[in-house]
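# Observations on the three-dimensional arrangement
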Amino acid sequence: VDYRGYEVTVENFLRVLTGRHETAVPRSKRLLSDEGSHILLYMTGHGGDEFLKFQDSEELQSHDLADAVKQMKEKHRFKELLIMVDTCQAATLFNQLQSPGVLAIGSSMKGENSYSHHLDSDVGVSVVDRFTYYTLAFFERLNIYGNASLSSLFSSYNPSLLMSTAYYRKDLYKRRLEEVPVTNFFGSVMETIHTDAAYKALSRRNSGRFEDEMSLDQSVHHIEKRMLIKVNDGEEIHDSNPEGEEGACKCPWSTFRNKFQKAEN
Amino acid sequence: MELSFTQGRWNYESWGGFDPIPSSNAKPPGVELWAVFDAPQHLIDALWKNLTHTLSGLFCASINFLESSTAYSAPEWSFPPASGKLRYGTLPREAVCTENLTPWLKLLPCRDKAGISMLLDRPSIYRGFYHSQRLHLTSTGSGSEGMDPGIILEQTLTVVLQPDSQRASLAHASEKHIQPSWSLSSIFGKQISGRCVLAETSNVYFLLDRGLVAELEHIHKENEKSEENVLISEKFWNNPSFELSAKPDRIFIEESSLLSKNASVLYKFEIEKYGESEPFDLGLFWKTPVVWLCQQAPLHANRFLMGSGNERGAIAISLKSTQSSEGFMGSNSNDERCELRVDVFQVVPWYVKVYFHSLQVFVDQQPKAVSDIIEKIHVSPSKDKVSPGVMELVLTLPCSVSSAVLTIEFDKGFLHIDEYPPDANQGFDIPSAIVSFPDFHARMVFLENDSLNKSPEKSPVMSYTEVLLVPLTTPDFSMPYNVITITCTVFALYFGSLLNALRRRVAEEERFLKDK
């Protein structure tokens, strides 16, 4: 948990998304993503037609969210983004999105309410909403070695159980949902390549040495984050990139594989 | 630097206020952070800001709220360690949960996977009356006491738990009300199975404090009529009052202090001797009902609000003498000039505008002139939206005082609408005041053959008062919406009627058709 209590404000949320923090803000409170990251944005609470409520005193509007996502795209802060919203009239929150690479699903459509699932008699309030509950139920049924796709997740929502229609928007997302595994956003599957070479620490000036580069897929929860670790050496990428089309901003995954193949050769 | 996260209030009446344990571990609720910097004065505020942000990232708490100058203060001499480069801040409303405990545990070499910290079962800790996790950092400069320059990090977790009395009463007849027996496994649900391999020493100490030792000796003398002090003899762990389930490796007796003729007894259990096959589980089994008092600070400090309404009020700090103060002053109360020195340090946020000239002192319910009682005072008045009001006082009260009250009046200020927190109608907190007694040091010294010292640092006896909740006037947050709708309605009615009156012709269409 990086932001809690009075810190959960629309301003801080937008700062986290766009990366515009004050200099003193520590790394664990920043979204350290880059152009290869896959981000999961999950929001829940009270909401309505084109807004989401924060702390009962502020609102996040759909066009603010769309603006923030547009800024993120311009700054290459994500490659793919999944937005899940669990509020009343949730699908209206992503009406204004236009950036490519974004997939969004909401728990109810305009005019519909989303309901909670059950309440806990000790605490006295509802503990989970229906959409969230059925999402978790889907994941709990999964086999760890299985390869469930996003389309199976999206089609697992039953409108009569949810008491609302879960609506998703895939016009901005280029890949077919049947081909995208759920681990693309939920959890992280990394291709690990065993190497016998010793791991050398980052050194920026050596252009002649082969250096390892790691890039992790990153999932971002509403409040929780995992750190992105990236060891980047710009010169190596330029030298070893055989295609050399885009120069600087090539996806780090393909660059790594290229370098490794070059090393193997 | 010291950072503490606390939930609950330390009950000074029941749990004591004089020993090192309450004095250093009873902390104000929420987060308290103080730091002494070794840098030029003009850089300290910037360093403090960076420190608060870094700690907030490390411990997953909103410590970064202490960065603004309205949240911290710089006490000059009333808060130990007193120096010109100290910054002190506290957040009374910060909740403490397992998300804060986890990063704290990550600083330990074995976390909570091995050693004594394996006991830290979260539900047991959070079920207690009070829990507080504290980090104390000292940097040893080069050459002090022959130690290498470095940083010493001391972490303390203080938990006050109530043993489950239902389980304990099974063994005894129900007519006697015996204090509940407990064991580590009954409180935490776990046992210690070995020490952390990275730890140089791993010990469990069991302390019987002075009041208890006195009571037990008294009972023992009455029943056994034997002169031997059972608690430290060979058969101590099976004496008529209680039974311990494990045998201690060493016993220490406190070097008797001047103030009290009783001495506490400390049992030391070395965890190295225990392992997976033979886990360590300390249990205390009571045999006779014992009632004892924990040693209190000379005066018990309380704080409360006076007045009603949303315009003004008053803060009162009351100091009441406790029973053990007779024991304190016993040695020198014969001297009429005996005086008790009390330091008070209080920070009040800027929107509670305190009038320092209205400070009044009442000793034994008689008003006294301020200059008689207050020996030294340092006041830093609040500046709106810039800095809080800081008050540091030294009071000298006669040793035979039974009660003393300080009152100070304040006006309630207004905040800008954006500055109100989302739950503005709950009220705003005034952080705890710190009342300390520099004449008395909370110290326990245990000497053995090789003169092992425990808690040798000199720290004065300190106690924290309650946090006050001040309701401020809050605006009607729906007013902007109301104003806009009313104004628009008025404009619509006005312009609508105006245009109607100017341009509307009655029955114009019929006349046009008729003309045709």
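Residues numbered from 1 in each chain as written. Chains lettered and ligands numbered in written order. Predicted model: local features only at pLDDT ≥ 70, side-chain atom pairs only at ≥ 80, totals over all residues. Heavy atoms only, no water.

Attention now moves to the side chain of Ser108(A). Residues and elements named next belong to chain A. Inspection of the secondary structure puts Ser108 in the loop between strand E6 (102-106) and strand E7 (116-119). A polar contact is formed between the side chain of Ser108 and the side chain of Ser114, at a distance of 3.0 Å. Ignoring any residue separated from it by four or fewer positions in sequence, one finds Ser108 in contact with Thr87, Cys88, Gln89, Ala90, Ala91, Asn113, Ser114, Ser164 and Thr165. (Helix = DSSP H or I, 4+ residues; strand = E, 2+ residues; numbered from the N terminus. Polar contact = N/O pair within 3.5 Å; in protein donor to acceptor, adjacent residues only side chain to side chain. Contact = heavy atoms within 4.5 Å.)

Right, let's get into the packing of aromatic side chains. Residues and elements named next belong to chain B. Within this structure, the stated rule accounts for 29 aromatic pairs over all chains. Ring centres 5.8 Å apart and planes at 65° place the aromatic pair Phe242 and Trp286 in the edge-to-face group. Here Phe242 is found in strand E9 (residues 242-244), whereas its partner Trp286 is found in strand E12 (residues 283-286), with 44 residues between them in sequence. Both residues of the pair, Phe242 and Trp286, belong to the buried class. Look at Trp350 and Tyr351: their rings are 5.5 Å apart centre to centre, the planes differ by 75°, and that puts the pair in the edge-to-face class. This pair shows no difference in class: Trp350 is buried, exactly as Tyr351 is. (Phe/Tyr/Trp six-rings, centres within 6.5 Å; stacked < 30°, edge-to-face > 60°. Buried < 20%, exposed > 50% of the residue type's maximum accessible area, 1.4 Å probe, protein only.)

With that settled, consider the pairing of strand E5 (residues 130-140) of chain B. Residue and element names in this part refer to chain B. Of all eleven residues in E5, eight are buried, a share of seventy percent or more. Pairing geometry for strand E1 (residues 2-7) and E5, over six bridges, is antiparallel. Looking at the pairing, Gln7 lines up with His131 of E5. In terms of strand pairing, E5 meets strand E6 (residues 150-160) through eleven bridges, oriented antiparallel. (Pairing = 2+ DSSP bridges.)

On to the confidence of the model for chain B. All names here are of chain B. Chain-level pLDDT for chain B is 84 on average; 87% of the residues reach the 70-or-more range. Looking across chain B, the model is least confident in helix H9 (residues 325-329), with a mean pLDDT of 51, and most confident in E1, with 94. The ipTM for the predicted assembly is 0.81, set against a pTM of 0.80. (pLDDT = per-residue confidence, 0-100.)

A word on the state of the cysteines. Among covalent bonds in proteins, the disulfide is the one between the sulfur atoms of two cysteines. Residue and element names in this part refer to chain B. Counted according to the given criterion, the structure contains two disulfides over all chains. Across a sulfur-sulfur distance of 1.6 Å, Cys338 and Cys399 are joined as a disulfide pair. Taking the sign of the S-S torsion, -70° for the link of Cys338 and Cys399, the bridge is left-handed. Separated by 61 residues along the polypeptide, Cys338 in the loop between H9 and strand E15 (339-348) and Cys399 in the loop between strand E19 (389-398) and strand E20 (403-412) bring together distant segments of the chain. Since its relative accessible area comes to 12%, Cys399 is described here as buried. Described in terms of the sequence order of its bonded cysteines, the disulfide pattern of chain B is 1-2, 3-4. Considering cysteine sulfurs only, Cys97 is the nearest to Cys60, which forms no disulfide, with 8.5 Å between them. The exposure class assigned to Cys60 is buried, which follows from its relative accessible area of 13%. Overall, the relative accessible area of 27% leaves Cys97 in the partly exposed class. (Disulfide = S-S within 2.5 Å.)

Residue and element names in this part refer to chain A. Helix H2 (residues 62-74) packs onto helix H1 (residues 10-18) with a crossing angle of 25° between their chain directions and a minimal axis gap of 9 Å. Taken together, the axes of H1 and H2 are roughly parallel relative to one another. Crossing angle aside, the handedness with which H1 passes H2 is right-handed. For the pair formed by H1 and H2, the contact residues are Phe13, Leu14, Leu17 and Thr18 on the first element and Asp64, Leu65, Ala68, Gln71 and Met72 on the second. (Axes fitted to C-alpha atoms, helices over the stretch in contact; angles between N-to-C directions. Parallel < 35°, antiparallel > 145°, perpendicular 65-115°, else oblique. Left-handed = near helix turned anticlockwise from the far one by under 90°.)

Let us now look at the UniProt feature "transmembrane region" (unreviewed entry) in chain B. Sites flagged by UniProt as "transmembrane region" (unreviewed entry) map to residues 481-502 of chain B. As annotated, residues 481-502 of chain B comprises 100% helix and 0% strand, and the C-alpha atoms at either end are separated by 32 Å. (UniProt positions renumbered as here; feature names shortened; annotations may be inferred.)

A few words on the pairing of E20(B). Residue and element names in this part refer to chain B. Here E20 lies mainly inside the structure; seven of its ten residues are buried. Two strands pair when backbone bridges link them, and strand E16 (residues 352-363) and E20 are joined in this way by eight bridges, in the antiparallel orientation. Looking at E20, one finds that Gln360 is bridged to Thr407.

Looking now at the sheet that holds strand E9 (residues 167-169) of chain A. Residues and elements named next belong to chain A. The sheet built from four strands is open, its strands ordered E1-E5-E6-E9 with mixed pairing. Strand pairing shows two members of the sheet lacking a second neighbour, strand E1 (38-44) and E9, which therefore form its edges. Neighbour-to-neighbour, the strand axes of this sheet turn through a mean angle of 10°, independent of strand direction. Relative to E6, strand E5 (residues 80-86) runs parallel, the two sharing five bridges. The partner of Val85 across the bridge, within E6, is Gly106.

What follows is about helix H4 (residues 98-106) of chain B. Those residues of H4(B) that fall on the buried side of the exposure criterion are Asn100(B), Leu101(B), Pro103(B), Trp104(B) and Leu105(B). Packing partners of the buried residues in H4(B) comprise E1, helix H3 (41-59), helix H5 (122-126), E5 and E6 of chain B.

Moving on, we come to the sheet that holds strand E4 (residues 58-61) of chain A. All names here are of chain A. Read from one edge to the other, the open sheet built from three strands follows the order E2-E3-E4, with strand pairing classed as antiparallel. Each of the sheet's edge strands pairs with one partner strand only, and the pair in question is strand E2 (47-48) and E4. Relative to E4, strand E3 (residues 51-54) is paired through four bridges, and the arrangement is antiparallel. Across the sheet, residue Lys53 finds its bridge partner in E4, namely Glu59. Sitting on the sheet, H1 touches E3 and E4, and the angle it makes with E4 is about 35°.

Turning our attention to the environment of Ser382(B). By the secondary structure assignment, Ser382(B) is in the loop between strand E18 (374-380) and E19. A C-alpha to C-alpha distance of 8.9 Å links Ser382(B) and Thr70(B), two positions 312 residues apart in sequence.

All names here are of chain A. The phi dihedral of Gln89 falls on the positive side, at around 50°, and the residue is not glycine. Examined against the element boundaries, Gln89 turns out to sit in the loop between E5 and E6. With phi around 60°, Met163 is a residue other than glycine that occupies positive phi space. Mapped onto the fold, Met163 is located in the loop between helix H5 (159-162) and E9. Looking at Met163, the relative accessible area reads 44%, which means it is partly exposed.

We now examine the pattern of salt bridges. Residues and elements named next belong to chain B. One pass over the structure, following the stated rule, counts 30 salt bridges over all chains. With a closest N to O distance of 3.8 Å, Arg134 and Glu154 form a salt bridge. With Arg134 in strand E5 and Glu154 in strand E6, this residue pair connects regions lying 20 residues apart in the sequence. The exposure class assigned to Arg134 is buried, which follows from its relative accessible area of 7%. In this structure, Arg341 engages Asp343 in a salt bridge whose closest nitrogen and oxygen atoms are separated by 3.2 Å. Judged by its relative accessible area of 3%, Asp343 is buried. (Salt bridge = Lys/Arg side-chain N within 4 Å of Asp/Glu carboxyl O.)

What follows covers the environment of Asp171(A). Residues and elements named next belong to chain A. Its place among the elements puts Asp171 in the loop between E9 and helix H6 (234-240). Each C-alpha atom, one on Asp171 and one on Asp122, is 44 Å from the other, the two residues being 49 residues apart in sequence. Of the polar contacts made by the side chain of Asp171, one reaches the side chain of Arg169; its length is 3.0 Å.

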